[in-house]
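As a plain string of letters, each chain reads:
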Amino acid sequence: MKGIENVKGPVFRPEDGGFDGELAGYQAAHPHRPDLVVGAETADDVQAAVRYAADHGLPVAVETSGHGRAVPLTGGVLISTRRMDGVHIDPVTRVARVEAGTRWAQVVTAAAAHGLVPPSGSSPEAGVVGYTLGGGIGVLARELGWASDRVRTIDLVTADGLLRRVTADSDPELFRVLRGAGHGLGVVTAMEIELAPGDRIYGGALSVAGEHVRALLGAYREWTADLPDGLTSSIGALPYPDLPMVPEHLRGRYVAQVRIAWTGSAAEGERLVAPLRAAVPTTGSLGELPYTQAATIFNEPDQPHPYTGTNAMLRELDPAVLDAALDITGPDAPVMCVLGLRHMGGALARPPAVPDAVAHRDAPYLLQILSLVDGTDVPGRLHRELMDAVAPWTAGRTPNFRFGEQAAKDWPIEVAGRAELAAERDPKGLFQ
Ligand SMILES: Cc1cc2nc3c(=O)[nH]c(=O)nc-3n(C[C@H](O)[C@H](O)[C@H](O)COP(=O)(O)OP(=O)(O)OC[C@H]3O[C@@H](n4cnc5c(N)ncnc54)[C@H](O)[C@@H]3O)c2cc1C
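Please read all numbers here as calculations on a predicted model, not as lab measurements. (Residues numbered from 1 in each chain as written. Predicted model: local features only at pLDDT ≥ 70, side-chain atom pairs only at ≥ 80, totals over all residues. Heavy atoms only, no water.)

Q: Just to check I follow, could you spell out the pattern of salt bridges for this structure?
A: When the charged atoms of two side chains lie near each other, side chains of opposite charge can form a pair. Tallied over the full model, the rule gives 21 salt bridges. With a shortest N-O distance of 4.0 Å, Glu 41 and Lys 8 are connected by a salt bridge. Note that Glu 41 is positioned in the loop between strand E2 (36-39) and helix H2 (43-56) and Lys 8 in the segment before strand E1 (11-12), a separation of 33 residues in sequence. Owing to a relative accessible area of 59%, Lys 8 belongs among the exposed residues under this scheme. (Salt bridge = Lys/Arg side-chain N within 4 Å of Asp/Glu carboxyl O. Helix = DSSP H or I, 4+ residues; strand = E, 2+ residues; numbered from the N terminus. Buried < 20%, exposed > 50% of the residue type's maximum accessible area, 1.4 Å probe, protein only.)

Structure representation (structure tokens):
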């Protein structure tokens, strides 16, 4: 095995040019401050980095895009996977093999060439591996289920520096926990994920002006009570900043977007959405689009910014939840809050073929809150206020939508068997 001095990818120390650039990611708050960054290009590089850290008693963190960075590393070794971005699609088995640093946009494009779609999420720039280790709720989640459910194999460098192919047969307990509660158990160098046939969807985003958002939330509750699995939708409501880069019709206004993705025909999609459109005034149009443009439905910001956030998987969508959500995070909130509400159910609620660690899968809704970090404790206080208000209806949380250090501390994810597995496989606590 190679030593750290002859890894193929670049190695950066704090005094090296490129060190800060390598640490920059989508999350602009609480950056990692390692002693060493290994820009891994191969699984060998990852093994060398892990072995070096283990030999020197240093902690290890992994980063691809920085979308989900939580607790920053102080000292130790950061393994940056962004150079490991190979994707291979097998059109016969309908499986994508992705390397550690692959982003969803790459898989969407590669799969489209074979008339296939992956369980990708709202952000094309999020890393496939980080997303999938945390469950993964995609644009077509109610049809395709959790991304974790679709994982076939995981190549993992464990705390002993060995590279293992983890499957349902080779190591059932590790395979289970990695799929849904998998952050911090090693470094994934590649994964195989099942794709689904498909190329076009019907959908888009409908805008609802601030004064109608309360009515929208009530109407959404009724509308989503009985929809086919092929229709996945969510709401995002926020006060759009009064900035030139924001489209003029949104600038300086509180607006909700209803994001819709339907896998059936346009005519059937229109019929399904009609009751919601009749219930509240909406602007914007829906239409057919190739899945390669699915990310336009969410239109997530592409510039790095500092944010914090959490979520609640809800047992039911009581009207009191909707009132609390809007009262606490709405246009009168003292900081800019993005309120999210995702309709779950469908394939998300069905058990996977091979058990995994996705918890509360029967929760019919997911409530999300996200705020910009402004150097005060106001965002954290508001998030706690909302989570307390909806506690009577909360089944638990999903790892992917907890952002920032405070959120990770305030709302830890506890999955049966995970702590015991981590203690057994990483007894010295190498991985964060
Ligand atoms: C704008 C935005 C939109 C999002 N949309 C969705 C969505 O639609 N659905 C959804 O489910 N989630 C969504 N997320 C959440 C996202 O899936 C998580 O933040 C996920 O952790 C991002 O993974 P990453 O690799 O891109 O981020 P990173 O910050 O690079 O990594 C996040 C964590 O994943 C782990 N990790 C990453 N790579 C590896 C590896 N190779 N081996 C081991 N561990 C690794 C590490 O613990 C790391 O700390 C979104 C997040 C943002 C910011």
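Q: Whenever I open this one, the UniProt feature "domain: FAD-binding PCMH-type" (unreviewed entry) in the chain confuses me. Can you help?
A: Taken from the UniProt record, the annotation "domain: FAD-binding PCMH-type" (unreviewed entry) applies to residues 30-198. With 25% helix and 26% strand, residues 30-198 has its two end C-alpha atoms placed 39 Å apart. (UniProt positions renumbered as here; feature names shortened; annotations may be inferred.)

Q: I'm lost on the pairing of strand E9 (residues 163-166) in this one. Help?
A: Side-chain positions along a regular strand alternate between the two faces of the sheet. Taken together, the four bridges between strand E8 (residues 151-157) and E9 define a ladder with antiparallel strand orientation. When the sheet's bridge partners are listed, Leu 156 is paired in E9 with Arg 164. The turn linking E8 back onto E9 is made up of five residues, and Gly 161 within it adopts a positive phi angle of 85 degrees. (Pairing = 2+ DSSP bridges.)

Q: Would you mind showing me how to read the site of the ligand here?
A: In the vicinity of the ligand, 31 residues are found, and the nearest of them are Thr 64, Ser 65, Ser 122, Gly 127 and Ile 137. Residue His 67 places a main-chain N or O atom 3.3 Å away from an oxygen atom belonging to the ligand. Expressed as a share of its isolated accessible area of 960 Å², the protein-covered part of the ligand is 94%. Of all elements in the fold, only strand E3 (60-63), helix H4 (128-133) and strand E10 (187-194) reach the threshold of two or more residues within the shell around the ligand. Looking at the shell around the ligand, the element that brings in the most residues is H4, giving four residues. Here the shell around the ligand is built from residues that sort into 13 nonpolar, 14 polar and four charged. (Near = heavy atom within 4 Å. Polar contact = N/O pair within 3.5 Å; in protein donor to acceptor, adjacent residues only side chain to side chain. Areas by Shrake-Rupley, 256 points an atom, 1.4 Å probe, with all protein chains shown as cover. Nonpolar A, V, L, I, M, F, W, Y, C, P; charged D, E, K, R; others polar.)

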